[in-house]
Amino acid sequence: MRPQTRREFLKTIGSVAASATALSTLPGCTLASHSLSSKTKPPNIILVITDDQGYGDLACHGNPVIKTPNLDELYRRSVRLTNFHVGPTCSPTRAALMTGRYCNRTGVWHTIMGRSLLRKDEVTIADIFSDAGYRTAIFGKWHLGDNYPFRPHDRGFAEALVHGGGAIGNTPDYWGNDYFDDTYYHNGRPEKFKGYCTDVWFEQAMKFIEANRNRPFFCYLPTNAAHGPYRVPERYTRLYGDNKNVNPNFYGMITNIDDNIGWLTAQLKQLGIENNTILIFMTDNGTSAGRTVCNAGMRGQKGSEYDGGHRVPCFIRYPAAGIKAGTDADRLTAHVDLLPTLIELCGINAAAAVNLDGSSLVPLLTANPDNWPSRTLITDSQRIDHPKKWRKSAVMTDRWRLVNGRELYDINTDPGQKQNLADKHPNIVAELRRDYEKWWEDVSKRFDEYCEIIVGSDYENPTRLTTHDWHADGPWDQTQISKNNRPNNGFWALQVARPGNYRISLRRWPKEVNAPITAAIPGGKAIKATTARLKIAGFDLTQPIREDTTAATFTLKLKPGKTRLQTWFTDDNGASLGAYYVYVKRI
């Protein structure tokens, strides 16, 4: 039988937006009793990570408002990691997830400013599974670099369909994307798609899964929802429109994700690969818009060093391995643990994974958790160009949280982190501070390095640079570009791949807009600029800007090696800002 399309599936059972019918009304799956040493085909992996959805943004976690019946059913059929931690924001979580290593040591501790680029020498989960014979793909939000050598198809993913930057509408994204009928980057090339963004990710993922059903695959599905701007088809907003205590679009985005999870799990069953597929659901940080409704009793939200910023849901379902469905694992775990867990579950001999910070969770998933050793894990939220010790940090054990090196909380008796016990337990504070000092000394060894974007390579030529990766707090969103309400300047850290002549074009607008530098597009603001300037590799060049100039283009000869590029648009009064888009081409 042909697998159902998403539309057919929702029509058959009725989406949450149309009725209260849930996936639990469908025939249940049968749990197999295969051992981890089974000689059957290696398991498939589907890793779903949603954006800005917190621990309390699920009905199965006690939220009295949100409608998530399919995720609730997945919760019932999974092992739930109830003390699972990530980074407090997007890119740091993704870097740790992709490498099994603390994000700080991978070059990623921010979401912009050139500090969301995953070091080119880091080995990713896609590299490891690709080398092991898996077909690898990503559909959705990457947020670890938009240029070579940082793009997903440079980092082990054979199939990559992503938007640019950290959200649809960010500076690196295709101009004008608004969640509906957008243009995304398919293996680096822009391609137009019809439909709502989350639906597109799942539809394209299902095509990949169907095409690779007879071979092992790793499908990474990181949705941009429920990250702002909060946009969703109106039928989902209407579900919550009468409740003045919630953000109806935010909850609608999550319910739309839930519908897609229902379709995905039904398709796995119909394809006959449900039992031999490891399905993981998690989120990337604490809630961005649901804290006042349900935050599972935690303090803080997205960006916070308190548990509400980094304790998130994580469900793992894998029937063929005998994983204990419907049970909780309450020991301290984290994003860095998932890569070593998957390596063990899939029986991969991964020589490249010897320097992981995480531990395999297989003992927690299949055996007696009493055998799980005590451990200390650390997370922080730097969000600056150069990290600072103790900044927005949490040192964690099963019982304790040391926050910012000063505040101590007993998480077992005080999950809301209201009572600071540092004065009562100075020995615990001292011990956790020593753990942090040791960790900091280890992960900080390369903090002074930049992750250079490579220009002039055969793998990407031309290279489009955007202010998202300035080493400065510049405009990271297209609205800021259009309204020019965040004028600033910064430099790009570059590496010239090959010697030769290079054409460098400075623009305010990307090529797909192609408007004059000084002009306003609809809804935007004009600027005054009469001179363009660039500095790179010892060159300091200027040229005039006319009213009809769309790009100020310079041609110069560059030698291979590391350098910095900075640009200026300056008016007659000396006021200036940087070029928001720069195209570098070896000619």
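Quantities reported herein were computed from a predicted structural model and do not represent experimental measurements. (Residues numbered from 1 in each chain as written. Predicted model: local features only at pLDDT ≥ 70, side-chain atom pairs only at ≥ 80, totals over all residues. Heavy atoms only, no water.)

Peer 1: What is the right way to look at the overall build of the protein chain in this model?
Peer 2: The number of helices and strands found in the protein chain is 12 helices and 26 strands. For the protein chain, whose C-alpha radius of gyration is 24 Å, the value lies close to the compact-globule estimate of 25 Å for 587 residues. For the C-alpha atoms alone, the extent of the protein chain along its principal axes is close to 70 × 60 × 50 Å. Restricting to contacts in the protein chain with at least 6 residues of sequence separation, those with at least 24 account for 70%. Of the roughly 22100 Å² that the protein chain leaves accessible, carbon and sulfur atoms contribute 46%. Charged side chains of the protein chain number 73 positive and 61 negative; the gap between the two group centres comes to 3 Å. (Helix = DSSP H or I, 4+ residues; strand = E, 2+ residues; numbered from the N terminus. Rg over C-alpha atoms; globule rule 2.2 N^0.38 Å. Contact = heavy atoms within 4.5 Å. Areas by Shrake-Rupley, 256 points an atom, 1.4 Å probe, with all protein chains shown as cover. Lys, Arg positive; Asp, Glu negative; His and termini not counted. Charge placed at Lys NZ, Arg CZ, Asp CG, Glu CD.)

Peer 1: Can you help me understand the pattern of salt bridges in this one?
Peer 2: Pairs can form between side chains of opposite charge once their charged atoms are near each other. Enumeration according to the criterion identifies 31 salt bridges in this entry. Notably, a salt bridge pairs Lys302 with Asp52, separated by 3.0 Å at the nearest N-O pair. On the criterion of sequence distance, the pair formed by Lys302 in the loop between strand E9 (277-283) and helix H8 (307-310) and Asp52 in the loop between strand E1 (44-50) and helix H2 (69-76) is long-range, its members being 250 residues apart. Using a relative accessible area of 2% as the deciding quantity, one classes Asp52 as buried. Between Arg94 and Asp284 there is a salt bridge, with the nearest N and O atoms lying 2.8 Å from each other. In this pair, Arg94 is assigned in helix H3 (residues 90-99) and Asp284 in the loop between E9 and H8, connecting sequence segments 190 residues apart. In this structure, Arg94 and Asp284 share a single accessibility class: buried. (Salt bridge = Lys/Arg side-chain N within 4 Å of Asp/Glu carboxyl O. Buried < 20%, exposed > 50% of the residue type's maximum accessible area, 1.4 Å probe, protein only.)

Peer 1: Explain the sheet that holds strand E26 (residues 581-586) here, please?
Peer 2: By way of backbone hydrogen bonds, the strands of a sheet pair with one another, either parallel or antiparallel. Strand order in the open sheet made by the 4 strands is E18-E26-E20-E23, with antiparallel pairing throughout. The open sheet has two edge strands with one neighbour each: strand E18 (463-466) and strand E23 (552-558). For this sheet, the mean inter-axis angle between neighbouring strands, taken without regard to orientation, is 20°. Note: strand E20 (residues 500-507) against E26, 6 bridges, orientation antiparallel. Looking across to E26, one finds that Ile504 is bridged to Val584. (Pairing = 2+ DSSP bridges. Axes fitted to C-alpha atoms, helices over the stretch in contact; angles between N-to-C directions.)

Peer 1: Help me understand unusual backbone geometry, please; the structure alone is not making it clear to me.
Peer 2: A negative phi angle is the norm for most residues apart from glycine, just as the trans form is the norm for most peptide bonds. Here the amide bond leading from Tyr148 into Pro149 is cis, since omega sits at 10°, within 30 degrees of zero. Within the element layout of this structure, Pro149 appears in the loop between strand E4 (135-140) and strand E5 (159-162). The phi torsion at Asn187 lies on the positive side, around 50°, for a residue other than glycine. Secondary-structure assignment places Asn187 in the loop between strand E6 (183-186) and strand E7 (189-192). The class for Asn187 is partly exposed, based on a relative accessible area of 30%. Its identity as a non-glycine residue notwithstanding, Asn484 has a phi of 50°, on the positive side. With respect to the helices and strands, Asn484 occurs in the loop between helix H12 (478-483) and strand E19 (491-496). A relative accessible area of 11% means that Asn484 is categorised as buried.

Peer 1: Can you help me understand the environment of Ser457 in this one?
Peer 2: Summarising the element assignment, Ser457 is placed in the loop between strand E17 (453-455) and E18. Judged by relative accessible area, which is 6%, Ser457 ranks as buried. Each C-alpha atom, one on Ser457 and one on Gln543, is 27 Å from the other, the two residues being 86 residues apart in sequence. Every residue in contact with Ser457, bar those within four places of it in the chain, is listed here: Tyr148, Ala497 and Arg586.

Peer 1: Sorry if this is basic, but what is going on with the sheet that holds E9 here?
Peer 2: Pairing is mixed in the open sheet, where 10 strands are placed in the order E7-E6-E5-E4-E8-E1-E9-E10-E2-E11. Looking at which strands have only one partner, the edges of the open sheet turn out to be E7 and strand E11 (327-329). Taking the axes of each pair of neighbouring strands and ignoring which way they run, one obtains an average angle of 20° across the sheet. Examined bridge by bridge, E6 and E7 share 4 bridges and lie antiparallel to one another. Its bridge partner lying in E7, Thr183 is registered against Lys192.

Peer 1: In this structure, what is going on with the side chain of His61? I would like to understand it.
Peer 2: Following the sequence through the fold, His61 ends up in the loop between E1 and H2. A distance of 2.7 Å separates the side chain of His61 from the backbone oxygen of Tyr55, its partner in a polar contact. Sequence-distant contacts of His61, that is, excluding residues within four places in its chain, are made with Tyr55, Tyr75, Cys294, Pro313 and Phe315. (Polar contact = N/O pair within 3.5 Å; in protein donor to acceptor, adjacent residues only side chain to side chain.)

Peer 1: Looking at this structure, how should I read the side chain of Ser304?
Peer 2: One can find Ser304 in the loop between E9 and H8. The class of Ser304 is buried, set by a relative accessible area of 11%. Only 2.9 Å separates the side chain of Ser304 from the backbone nitrogen of Tyr306, close enough to count as a polar contact. Other than its neighbours up to four places away in sequence, Ser304 contacts Pro88, Gly309, His310 and Lys392.

Peer 1: Can you help me understand the confidence of the model for the protein chain in this one?
Peer 2: Detailed conclusions should not be drawn from predicted coordinates in areas where pLDDT is low. When pLDDT is averaged across the protein chain, the result is 93; 93% of the residues are at 70 or more. When the criterion is pLDDT under 50, residues 18-38 qualifies, and its contacts beyond four places in sequence or with other chains add up to 39 contacts. (pLDDT = per-residue confidence, 0-100.)

Peer 1: Looking at this structure, I do not really get the packing of aromatic side chains. What am I missing?
Peer 2: For any pair of aromatic rings, the description consists of the separation of the ring centres together with the inter-plane angle of the planes. This model, assessed by the stated rule, comprises 31 aromatic pairs. When the centroid spacing of 5.5 Å and the interplanar angle of 75° are considered together, the rings of Tyr75 and Phe315 count as edge-to-face. Here the residue Tyr75 occupies a position in helix H2, and Phe315 occupies one in strand E10 (residues 314-317), the gap between them amounting to 240 residues. When sorted by exposure, Tyr75 lands in the same class as Phe315, which is buried. Seen in terms of ring centroids, Phe157 and Tyr220 are 6.0 Å apart; in terms of plane orientation they differ by 20°. Their pairing is stacked. Placement of Phe157 in the loop between E4 and E5 and of Tyr220 in strand E8 (residues 217-222) is noted, with a sequence separation of 63 residues between them. Since its relative accessible area comes to 2%, Phe157 is described here as buried. For Tyr220, a relative accessible area of 1% translates into the label buried. An aromatic cluster is built from Tyr102, Trp109, Trp390, Tyr436, Trp439, Trp440 and Phe447, whose rings are joined through pairwise contacts. (Phe/Tyr/Trp six-rings, centres within 6.5 Å; stacked < 30°, edge-to-face > 60°.)

Peer 1: How should I be thinking about the environment of Phe129 in this particular structure?
Peer 2: Along the chain, the position of Phe129 falls in helix H4 (residues 125-131). Looking at Phe129, the relative accessible area reads 0%, which means it is buried. Residues Phe129 and Cys346, 217 residues apart in the sequence, show an inter-C-alpha distance of 9.4 Å. The residues touching Phe129, leaving out its near neighbours within four places in the chain, are Ile45, Tyr134, Thr136, Leu339, Leu342, Ile343, Cys346 and Ile348.

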